[in-house]
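Examining the three-dimensional arrangement
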Amino acid sequence: MRWQLGRRSTNVEDRRGTGVSAPVVGGGIGAILLTLLVALLGGDPSVVWEQVNQQSDRPTTSAPRNPGGTDQMADFVSVVLADTEDTWREVFRQSGSTYTEPKLVLYSDAVQSACGFAKAAMGPFYCPRDQKVYIDLSFYRDLKSKFQAPGDFAQAYVIAHEVGHHVQNELGILDKVRRLQSQVDQVQANQLQVRVELQADCFAGVWANRAQRSRKILEQGDIEEALNAASSIGDDRLQARARGYVVPETFTHGSSAQRVRWFKRGIQTGDPQQCNTFAAANP
């Protein structure tokens, strides 16, 4: 991925090395690794966010990682975020709307968000309450080693997916889904959440399409990297890895095939209108 010459975003908050306090009960749109945690816990994704943390209130601390955020990975994240800003600002402008850019928070080990207290094991996530994307950069090491999804474009896909949730928030989609989820049973609520996640995958593909057209960011093998990442974090593969079997009724992010299909739709069309997973009979 050709990113080194890209613009750097000013919307990055570097909280690495700072202390946070627990417990906090929170909610929010699930992170990529949330399904894996649920599989290990044998329960519903909301449990991870809603359960009361029994740890003490003593702040946790960690040593600063590259103070000032001058390391290459933080630089890479800043460039990808800026690229999503350019893409979605133009998409919204074309529809007569204004795009409010999200913040991206870099943290280490644990973080306090408006959606609650989160640990790095939960993976990257978007909090609609403060309109921020949160990521511990150690996730990228796990993406490569644990999920066999290496490559800088695979890493960019993760950011673009979470920004896709912000786009949904801007469009009012997340609020509508939350209202619907409160009116149905857990299985139906999970099905709605799958559609949310697949649409974010499609939006990530839209970003890739438009970024390539306008800024020629892609190199040979980049698309395969992103497709491999989307496939590696499908609910079916995560559950099979954690449990040894798959329970489709508990899916919250979609199967590997679904995630690949919707990302491909976005990157092939570059059209957000083609990302209406809620209108699809079989997403």
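The paragraphs below set out a description of the structure included in this document. (Residues numbered from 1 in each chain as written. Predicted model: local features only at pLDDT ≥ 70, side-chain atom pairs only at ≥ 80, totals over all residues. Heavy atoms only, no water.)

Attention shifts here to the packing of helix 4 (residues 138–145) against helix 5 (residues 152–170). Axes are the key here: two packed helices are described by the angle between their axes and the distance separating the axes. In contact at an axis separation of 11 Å, helix 4 and helix 5 are set at 125° when each is read in the N-to-C sense. The angle between the axes of helix 4 and helix 5 places the two elements in the oblique class. Pair helix 4 / helix 5 crosses with right-handed handedness. Residues Phe139, Tyr140 and Leu143 of helix 4 form the contact with helix 5, whose participating residues are Ala154, Gln155, Val158 and Ile159. The residue inventory of the contact of helix 4 with helix 5, partitioned by class, reads six nonpolar, one polar and no charged. (Axes fitted to C-alpha atoms, helices over the stretch in contact; angles between N-to-C directions. Helix = DSSP H or I, 4+ residues; strand = E, 2+ residues; numbered from the N terminus. Parallel < 35°, antiparallel > 145°, perpendicular 65-115°, else oblique. Left-handed = near helix turned anticlockwise from the far one by under 90°. Contact = heavy atoms within 4.5 Å. Nonpolar A, V, L, I, M, F, W, Y, C, P; charged D, E, K, R; others polar.)

What follows covers unusual backbone geometry. The phi dihedral of Asp109 falls on the positive side, at around 75°, and the residue is not glycine. In this structure, Asp109 sits in the loop between strand 2 (103–106) and strand 3 (110–113). Here Asp109 falls in the partly exposed class, since its relative accessible area comes to 39%. Positive phi is not limited to glycine here, since Lys216 has a value of about 50°. (Buried < 20%, exposed > 50% of the residue type's maximum accessible area, 1.4 Å probe, protein only.)

Below, the discussion takes up the packing of aromatic side chains. The final tally for this structure, using the stated rule, is six aromatic pairs. Look at Phe125 and Tyr134: their rings are 4.8 Å apart centre to centre, the planes differ by 10°, and that puts the pair in the stacked class. Note on Phe125: relative accessible area 1%, which makes it buried. Above the face of the Trp262 ring, Arg265 is positioned so that its terminal group lies 4.3 Å from the ring centre. (Phe/Tyr/Trp six-rings, centres within 6.5 Å; stacked < 30°, edge-to-face > 60°. Lys NZ or Arg CZ within 6 Å of the ring centre and 35° of its normal.)

Pairing between sheet strands relies on hydrogen bonds along the backbone, with the strands arranged either parallel or antiparallel. Spatial ordering of the open sheet is given by 1-2-6-5, a layout of four strands whose pairing is mixed. With partners counted over all chains shown, the strands left at the sheet margins are strand 1 (12–14) and strand 5 (125–127), one partner each. Pairwise comparison of adjacent strand axes, ignoring direction, gives a mean angle of 25° for this sheet. As paired elements, strand 1 and strand 2 share three bridges and run parallel to each other. (Pairing = 2+ DSSP bridges.)

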